[in-house]
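# Reading the structure
Listed below, chain by chain, are the residues.
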Amino acid sequence: MDPKLHKPIYGVYGFVRFADEIVDTFHHHDKKYLLDKFRADTYEAIEKEISLNPVLHAFQMVVHQYGIESELIEAFLDSMEMDLDFSTYSDEKYKHYIYGSAEVVGLMCLRVFCDGDKEEYERLKEPACKLGSAFQKVNFLRDMKSDFEERGRVYFPGVDYEKFDGKAKKAVEEDIQKDFEEAYKGIKELPVGAKLGVKVAYLYYQNLFRKIKRSNPETIMRTRVRIPTIKKLSLLIGLYFGSKLGFE
């Protein structure tokens, strides 16, 4: 990405990763208390335009500079709170969780990419949501084992972890593929400074998704599918030079 985008994107990532760590890893602490405190500290940082927490201080700067709406922040924090209470998700709760945990993160990043261009932001909102959704659903497939065994969660509606089979896996994959197809339409229209970085992420997740599709359900439930580091580097280098040569 353009160097001017690095710090604001780091600011968004730091914020969402911090909250995610609270609900996913602080198992021997009162997670609800910690998340409530994090929520209160977030809004105080935004209101005061300063925080002694460097992650929240960086995030509030991004919020003010790029006009990130409180609705997006609230939706994200609400989804994090859902992880404290729900082990399985109905279709409605699943869509609500995907929106708050992934789609709004895409919208926060899009605010940064568009840098005040409201018309461009509105035009690219739907693809940005689809990309966040696709990434999150791939994560759910990749992490099915740890989500269930370590956290007691099954995100996909109607899916019984103990009976996860090829039919259930294929239905999830078809849904993800639709998201990827809609997302790519928007990636092609992103501002130049953001396009290559987002395409790298898209290409990485496409490769991860293809590897998951080639894996049988037993493999998904036994191990975490990964892309080797050398493969990640080759994807980055290939896309970088392809962009320099004008290839889409």
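Not measured: the values here are computed from a predicted model. (Residues numbered from 1 in each chain as written. Predicted model: local features only at pLDDT ≥ 70, side-chain atom pairs only at ≥ 80, totals over all residues. Heavy atoms only, no water.)

### Looking at the overall build of the chain
Tallying secondary structure elements over the chain gives 11 helices and 0 strands in all. In the chain, the succession of helices and strands from N to C terminus is α-α-α-α-α-α-α-α-α-α-α. On C-alpha atoms alone, the chain measures out to a radius of gyration of 18 Å, which is about the 18 Å that the 2.2 N^0.38 rule sets for 248 residues. Principal-axis analysis of the C-alpha atoms gives the chain an extent of 55 × 50 × 30 Å. (Helix = DSSP H or I, 4+ residues; strand = E, 2+ residues; numbered from the N terminus. Rg over C-alpha atoms; globule rule 2.2 N^0.38 Å.)

### Here we look at empty space enclosed by the protein
For the structure shown, the criterion picks out 1 cavity of 30 Å³ or more. For the largest cavity, the calculated volume is near 50 Å³. What lines the largest cavity is simply Phe140, Met144, Asp147, Arg153, Val154, Tyr155 and Phe156. Counted by class, the lining of the largest cavity contains 5 nonpolar, no polar and 2 charged residues. (1 Å grid on protein atoms, 1.4 Å probe; cavity = no way out; pocket = protein on both sides within 12 Å on 5 of 7 lines; lining within 4 Å. Points joined across faces, edges and corners; volume = space filled by probe spheres on them. Nonpolar A, V, L, I, M, F, W, Y, C, P; charged D, E, K, R; others polar.)

### A closer look at the packing of helix H6 (residues 118-142) against helix H9 (residues 192-214)
Closest axis-to-axis distance for the H6/H9 pair is 10 Å, and the angle between their directions is 35 degrees. Considering only the axes of H6 and H9, their crossing is left-handed. Along its contact with H6, which presents Leu131, Phe135, Val138, Asn139, Leu141 and Arg142, the element H9 presents Val198, Ala201, Tyr202, Tyr204, Tyr205, Leu208, Phe209 and Ile212. (Axes fitted to C-alpha atoms, helices over the stretch in contact; angles between N-to-C directions. Left-handed = near helix turned anticlockwise from the far one by under 90°. Contact = heavy atoms within 4.5 Å.)

### A look at a nonpolar patch on the surface
Together, Ile230, Leu233, Leu236, Ile237, Tyr240 and Phe241 give the surface a local cluster of nonpolar side chains, amounting to about 600 Å² of exposed area. Isoleucine 237 sits in the partly exposed class, given a relative accessible area of 47%. (Patch = residues over 30% accessible without salt bridge, like charges linked within 9 Å, V, L, I, M, F, W, Y side chains within 5 Å. Areas by Shrake-Rupley, 256 points an atom, 1.4 Å probe, with all protein chains shown as cover. Salt bridge = Lys/Arg side-chain N within 4 Å of Asp/Glu carboxyl O. Buried < 20%, exposed > 50% of the residue type's maximum accessible area, 1.4 Å probe, protein only.)

### With respect to the pattern of salt bridges
Taken as a whole, this structure holds 22 salt bridges when the rule is applied. Among the ionic pairs, aspartate 83 bridges to arginine 153, the shortest N-O distance being 3.6 Å. Taken together, the positions of aspartate 83 in helix H4 (residues 70-85) and arginine 153 in the loop between helix H7 (144-151) and helix H8 (166-187) put the pair 70 residues apart, joining distant regions of the chain. Look at aspartate 83 and you get buried, because its relative accessible area is 7%. The class of arginine 153 is buried, set by a relative accessible area of 3%.

### Here we look at a positive patch on the surface
Taken together, the side chains of Arg210, Lys213, Arg214 and Lys231 present a region of like positive charge at the surface. Along the chain, arginine 210 falls in helix H9. (Lys, Arg positive; Asp, Glu negative; His and termini not counted. Charge placed at Lys NZ, Arg CZ, Asp CG, Glu CD.)

### Quick look at the environment of glutamine 177
As for its placement among the helices and strands, glutamine 177 is situated in helix H8. Separated by 35 residues in sequence, glutamine 177 and arginine 142 place their C-alpha atoms 15 Å apart. In this structure glutamine 177 touches Phe209 and Lys213, once residues within four positions along its chain are discounted.

### A look at H4
Over its 16 residues, H4 extends 23 Å from the first C-alpha to the last, a length consistent with the 22 Å expected when each residue adds 1.5 Å. Of all the positions in H4, only Leu72, Ile73, Ala75, Phe76, Leu77, Ser79, Met80, Met82 and Asp83 are classed as buried. Those residues of H4 hidden inside the fold are in contact with helix H1 (3-25), helix H2 (31-48), helix H3 (54-66), helix H5 (91-114) and H6. (Expected span 1.5 Å × (residues − 1).)

All we've got here are geometric facts, nothing functional implied.
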